Amino acid sequence: MEAKRNVLRHVGAIAAVGFAAASLLLPVGDALAQQGKVKIGLMLPYTGTFAALGTAITNGFKLAVEENGGKVGGREIEYFTVDDESDPAKAPDNANKLIKRDQVDVLVGTVHSGVALAMSKVARDNNTLLIIPNAGADDITGPLCAANVFRTSFSNSQMGIAMGKVMAEQKKKTAVTLTWKYAAGDESVGGFKESFEAGGGKVVKELSLPFPQVEFQSYLTEIAALKPDVVYVFFAGGGAVKFVKDYAAAGLNKTIPLVGAGFLTDGTLEAQGEAAQGLLTTLHYGDGLNNPKNNAFRAAYMKAFKSEPDVYAVQGYDAAQLLIVGMNAVKGDMGKRAELVAAMGAAKLDSPRGSLALNKGHNPIHDIYLRKVEGKENKVIGVAVKNLTDPPRGCKL
Amino acid sequence: MDIYSLLIQLLNGVQYGLLLFLVASGLTLIFGIMGIINLAHGSFYMVGAYMAFTLASLTGNLFVAIVVGIVLSVLLGIVLEWALFSHLYKRDHLEQVLLSYGLILVFEELRSLIVGNDVHGVAVPAIFNWSIPLTATLSYPVYRLFMSAVCLALAGLLYVLIHRTRLGMMIRAGASNREMVSSLGLNINLVYRLVFALGVALAAFAGMIAAPVSSVYPGMGTQVLIICFVVVVIGGIGSIWGALFAALLIGLADTFGKVLIPEAAGVTVYLLMAAILLWRPEGLFKRVG
Amino acid sequence: MNRKRIALGAALVALALFPLAGATFYTELVTKVMILAIFALSLDLLVGYTGLVSFGHAAFYGIGAYALGLLAPKYEAANLWLTLPAAVLAAGIAALAVGVFVVRVKGIYFIMVTLAFAQMFYFIFHDTKIGRGSDGISMNFKPVAAIGSVTPFDLGNATHVYYFVLVLLLAVFAFLRVILRSPFGRALMGIRSNEHRMRSLGYPVYWYKLASFAVAGALAGLAGYLSALQFGFVNPELLSWHQSGNVLLMLILGGIGSLYGAVVGAFAFVALAEIFQALTRYWQLLLGATIILLVIFLPGGLASVAARFRRTLTGEEDHE
């Protein structure tokens, strides 16, 4: 033990010296911000329950760049990719690796709100440009807003607010909510409660389970016991598939209408099959949106990736479009940060979803559609709320 | 909560508890008989679930997958015991803990390597893919009833094995005094190997039948292991009856806790454990043999 | 003895000079390792010197971290000199409370109940409103080290944080050294080697074990606080049993029952993790395999390795 300890102690000392030497040899970073390639760091889930979303976002992003000649602001791109595994615990480390070790110019990500919260903190601390192509944590463009942080997706409460309004208009009186217990779920349900109760309804019970568990049996029994007029849920990815199927297996879909944020049925219809037919959801995108940009986008995406695009692909696409707008304004010179950010903030994008502008906190202002599942599509049957912006509470920009 | 919902939640709780018992029985058996603490027990559950998924995708039939899976898990148990765990009988608990912890990491990464980290659903076999309407609003999936029936049957078989067969007698004897049993000419090594394989198979089987209901996802092994530890701690290490009683207790506490006190759902089970430990530090039942 | 002193001196100098050489990324990395070393030292008191193998030590680490996360006001900086003692105290009290339950049992039961209680705390932070869920808590401002109007160092500066942690590491080390050389420490070691004998000699074994558990928990809380300070972010995974397993592993790598060993173990663990991570995405496979091989191929267990080397290097003291 003694000799082993000595050896290990020497190892420790050598390791320390080794670190020092390695860091001396570390490149200091690209001081020439104008020339050379733009380093884009993609921090997204490529494994786990949100893997499909990470891939769709990446595809959409790269498609927009390709359509722009493969460059942004006249400069070529170098991608750095990190799989964040939708794990908030590893988020600061992962973000630090991209920002401090790889020295990326732009950070793009992510799906999971908890991970994005950590990412936005690291980006704010290091003043790195961050574009969020999905995670909807309200706070990121609220109290935690910053000049260098942008979002091209949505904020969690927007979908809930829209659906709550629609349900209240449909004269539903009581509701039960169910979701995973994390920022995205809590805020979505919170938005629903706010507008539903403002419209005269009452949320009789708020249920939740830890992310990403999918054992719903006791909750379904409780819902059946409470017999509300409507059930609002927030689930996405694999969890959404299971919930919709379990809801149908429990026979609840025949007596208690199920509604949710659009993620419940986006990208999941194939797996959900019969169980999802007729479900109403709210989202800022849907099938059958007949505008020229959307038609062109869908055709191009199908051609490039041999599959139908979904809302996540649209958000990734818009993230790249936003960056391109900014980079064009400063002609690729990222050193001109103030002009870059101003141009991005004022951008009016022609998005496949319709028109997209950003509010003070750099969060999207867009139409929220009401959709119904028909066959394998989320058919847009109306506009739930037009030009919904969520008030940037506490944003000091 | 009206009487029907109460009864249905009771059913939910019992069903969950029986599944937990299946996994926990393997853990407590291995400890009670062989004195080995095996943290990787949850990984066997996960391995079972993933085997069900891959084999069912290949053969298109869950039952075939389960049969093949059981054979494979018995083999796995035998190999693991021979290669790794047999070295641990005379070692102290810290080393057992560390070795099995290392094993968990290995299993998790192998799964990641071979099957990936995605969440998968396993289809409920067609015969059971329907629901019995229990109330005007709620139907109960028949597959869950099937699961409970299977778990009960296995619990019965386990009892018969341990208390009514020669093998069971040897197992119980080996638990009390390994050296004496060896000197009587019984092959204690074989007995231990079989017991270990049995434990592994129980956990894996539980994973296989639970797969359609719980989905197949990376964290499932860890989750079930921790709860099993609580079951074994409450029930008393080495006691099968204790494991059954504690598993049902926990199944009910968890199910009712989720809907009655949603804010404290995950913690209910531990508060229960703390309360019981205050009263009986070594669990409710003394160990078998 | 001389060779040991020289090696230690060199290591200390290397640690002291390190930030001047490297980029921020590496300074922060070594800071992270030193914080883990404090964590490992705290567990060593319990496992190495009192003989209580806890598989739930990460709970107190996490409580210390969450103390800062919960105490930190949303729109201004917390005060270091107020929050640090609060965190250590919170962790110590939690350890005392848990200790009351767990110290009554031994061996395998002890391992299992410590794991179970750690999971309880994990779920408290993960599921209930206390901890704000699986996303964790983000602190908008780093704590300030202000005493009145004087701020001796800036916790927003990576180098300042490095030296602050280094000083604390040395302080914890010295503190443990003193405790272990005292009658209290000798009693703990007596309990580790033969509890029955200590009891028959009239020692109130239960209280000694409880005290050890509480102190170990408090020190783990200190490490947790520093970790929260460094990243500005706390998350329930800090209390996960992976964390508890990793810190046990650090002790094994460095040598149980040796204070230097705990520190070396922390460095060795992170070095191993970094090396494995550079080799493959599936690095935990290598780590797991290494652990398994370590346990199996040291014949007779790690304790006999100690005995074997002690025989060949007579005259060397086994424990510092």
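Above this text you will find the structure in question.
Reference entry: report on the structure contained in this document.

About the thresholds
Residues numbered from 1 in each chain as written. Chains lettered and ligands numbered in written order. Predicted model: local features only at pLDDT ≥ 70, side-chain atom pairs only at ≥ 80, totals over all residues. Helix = DSSP H or I, 4+ residues; strand = E, 2+ residues; numbered from the N terminus. Rg over C-alpha atoms; globule rule 2.2 N^0.38 Å. Buried ≥ 20, exposed ≤ 12 C-beta atoms within 10 Å, placed from the backbone. Contact = placed C-beta atoms within 7 Å. Right-handed = clockwise from strand over helix to strand, strands pointing away. Pairing = 2+ DSSP bridges. Axes fitted to C-alpha atoms, helices over the stretch in contact; angles between N-to-C directions. Parallel < 35°, antiparallel > 145°, perpendicular 65-115°, else oblique. Left-handed = near helix turned anticlockwise from the far one by under 90°. Core = buried A, V, L, I, M, F, W, Y, C linked by C-beta atoms within 7 Å. Domains from an automatic or database assignment. Nonpolar A, V, L, I, M, F, W, Y, C, P; charged D, E, K, R; others polar. Expected span 1.5 Å × (residues − 1).

1. Details of the overall build of chain B
Item 1. Helix and strand counts for chain B come out as 11 helices and two strands.
Item 2. Seen in sequence order, chain B has helices and strands lined up from the N terminus as α-α-α-α-β-β-α-α-α-α-α-α-α.
Item 3. The C-alpha atoms of chain B give 19 Å as radius of gyration, which agrees with the globular expectation for 289 residues (19 Å, within 12%).
Item 4. A burial count over chain B gives 55% of its 289 residues as buried.
Item 5. Considering only contacts in chain B between residues 6 or more positions apart, those separated by 24 or more positions represent 76%.

2. Brief notes about the pairing of strand β4 (residues 129-132) of chain A
Residues and elements named next belong to chain A.
Item 1. On β4, burial covers both faces: Leu 129 and Ile 131 on one face and Leu 130 and Ile 132 on the other are all buried.
Item 2. Taken together, strand β3 (residues 106-108), helix α4 (residues 113-126) and β4 constitute a β-α-β crossover, and its handedness is right-handed.
Item 3. In this structure, β4 lies alongside strand β5 (residues 149-151), joined through three bridges in parallel fashion. Looking at β5, one finds that Ile 132 is bridged to Arg 151.

3. Overview of the packing of helix α1 (residues 3-34) of chain B against helix α5 (residues 142-164) of chain B
Residue and element names in this part refer to chain B.
Item 1. At a minimum axis separation of 9 Å, α1 and α5 run at an interaxial angle of 40°. If you check the angle between α1 and α5, you find them oblique. Of the two possible hands of crossing, α1 and α5 adopt the one that is left-handed. Residue-level inspection shows Val 14, Gln 15, Leu 18, Leu 19, Phe 21, Leu 22 and Ser 25 of α1 in contact with α5, the latter providing Arg 144, Met 147, Ser 148, Cys 151, Leu 152, Leu 154, Ala 155 and Leu 158.

4. Focus on the sheet that holds β4(A)
Adjacent strands of a sheet pair through backbone hydrogen bonds, lying either parallel or antiparallel.
Residues and elements named next belong to chain A.
Item 1. The sheet built from five strands is open, its strands ordered β2-β1-β3-β4-β5 with parallel pairing. In the strand order of this sheet, the two ends are held by β2 (77-83) and β5, each with one partner. Between one strand axis and the next, the sheet turns through 20° on average, direction left out of account.
Item 2. Where α4 meets the sheet, it contacts β1 (38-44), β3, β4 and β5, and its direction lies at approximately 160° from that of β4.

5. Comments concerning the pairing of strand β10 (residues 280-283) of chain A
Regular strands place side chains that alternate from one sheet face to the opposite one.
Residues and elements named next belong to chain A.
Item 1. Going residue by residue along β10, you find Leu 280 and Thr 282 tucked away on one face and Thr 281 and Leu 283 tucked away on the opposite face as well.
Item 2. Alignment of strand β9 (residues 258-261) against β10, held across three bridges, turns out to be parallel. Paired with Val 259 across the strands is Leu 280, a residue of β10.
Item 3. Pairing of β10 with strand β13 (residues 364-374) involves four bridges; the strand directions are antiparallel. Its bridge partner lying in β13, Thr 282 is registered against Leu 370.

6. Digging into the environment of A:Asp87
Item 1. Within the secondary structure, A:Asp87 is located in the loop between β2 and α3 (91-101).
Item 2. Through-space distance from the C-alpha of A:Asp87 to that of A:Glu187 is 19 Å; in sequence the pair is 100 residues apart.

7. As for the nonpolar core
Generally speaking, nonpolar side chains in soluble globular proteins are found buried as a group.
Item 1. Membership of the largest hydrophobic core comes to 345 residues, with the highest contact counts inside it found for B:Ala52, B:Val230 and B:Val231.
Item 2. The greatest single-element share of this core, amounting to 19 residues, is contributed by helix α8 (residues 188-214) of chain B.
Item 3. In this structure, this core is formed jointly by two domains, domain 1 (38-154 + 289-365) and domain 2 (157-283) of chain A, each of which donates at least three residues.
Item 4. In contact with B:Ala52, not counting residues within four places along its chain, are B:Leu62, B:Ala65, B:Ile66, B:Gly69, B:Val122, B:Gly207, B:Met208 and B:Ala211.

8. Some remarks on the packing of helix α5 (residues 156-169) of chain A against helix α6 (residues 183-198) of chain A
All names here are of chain A.
Item 1. The N-to-C vectors of α5 and α6 enclose an angle of 30°; their axes lie 6 Å apart at closest approach. By the angle class used here, α5 and α6 are roughly parallel. Both α5 and α6 take part in a crossing whose hand is right-handed. Counting all contacts with α5, which are made through Asn 156, Ser 157, Gln 158, Met 159, Gly 160, Ile 161, Met 163, Gly 164, Lys 165, Met 167 and Ala 168, the residues of α6 involved are Ala 183, Ala 184, Glu 187, Ser 188, Val 189, Gly 190, Gly 191, Phe 192, Lys 193, Glu 194, Ser 195 and Phe 196.
Item 2. Looking at side-chain class alone, the contact of α5 with α6 contains 10 nonpolar, nine polar and four charged residues.

9. Brief notes about helix α6 (residues 158-181) of chain C
Residues and elements named next belong to chain C.
Item 1. With 24 residues, α6 extends 35 Å from end C-alpha to end C-alpha; this agrees with the ideal 34 Å at 1.5 Å per step.
Item 2. Inspection of α6 places Val 161, Tyr 162, Phe 164, Val 165, Leu 169, Val 172, Leu 176 and Leu 180 among the buried residues, and these make up the whole buried set.
Item 3. On its buried face, α6 sits against α1 (2-21), α2 (24-49), α7 (183-193), α9 (205-231) and α11 (259-279).

10. Structural notes on the interface of chain B and chain C
Item 1. Across the contact, 39 residues belong to chain B and 35 residues belong to chain C.
Item 2. Listing elements by their share of the side of chain B that touches chain C, those giving two or more residues are α4 (93-114), α9 (220-235) and α11 (265-279) of chain B.
Item 3. Tallying contributions element by element places α4(B) first for the side of chain B that touches chain C, with 16 residues.
Item 4. Residue composition of the side of chain B that touches chain C, grouped by class: 27 nonpolar, five polar and seven charged.

11. Focus: the environment of B:Asn12
Item 1. Examined against the element boundaries, B:Asn12 turns out to sit in helix α1.
Item 2. Sequence separation between B:Asn12 and B:Gly42 is 30 residues; the distance between their C-alpha atoms is 22 Å.

By themselves, these observations are geometric and do not establish any function.
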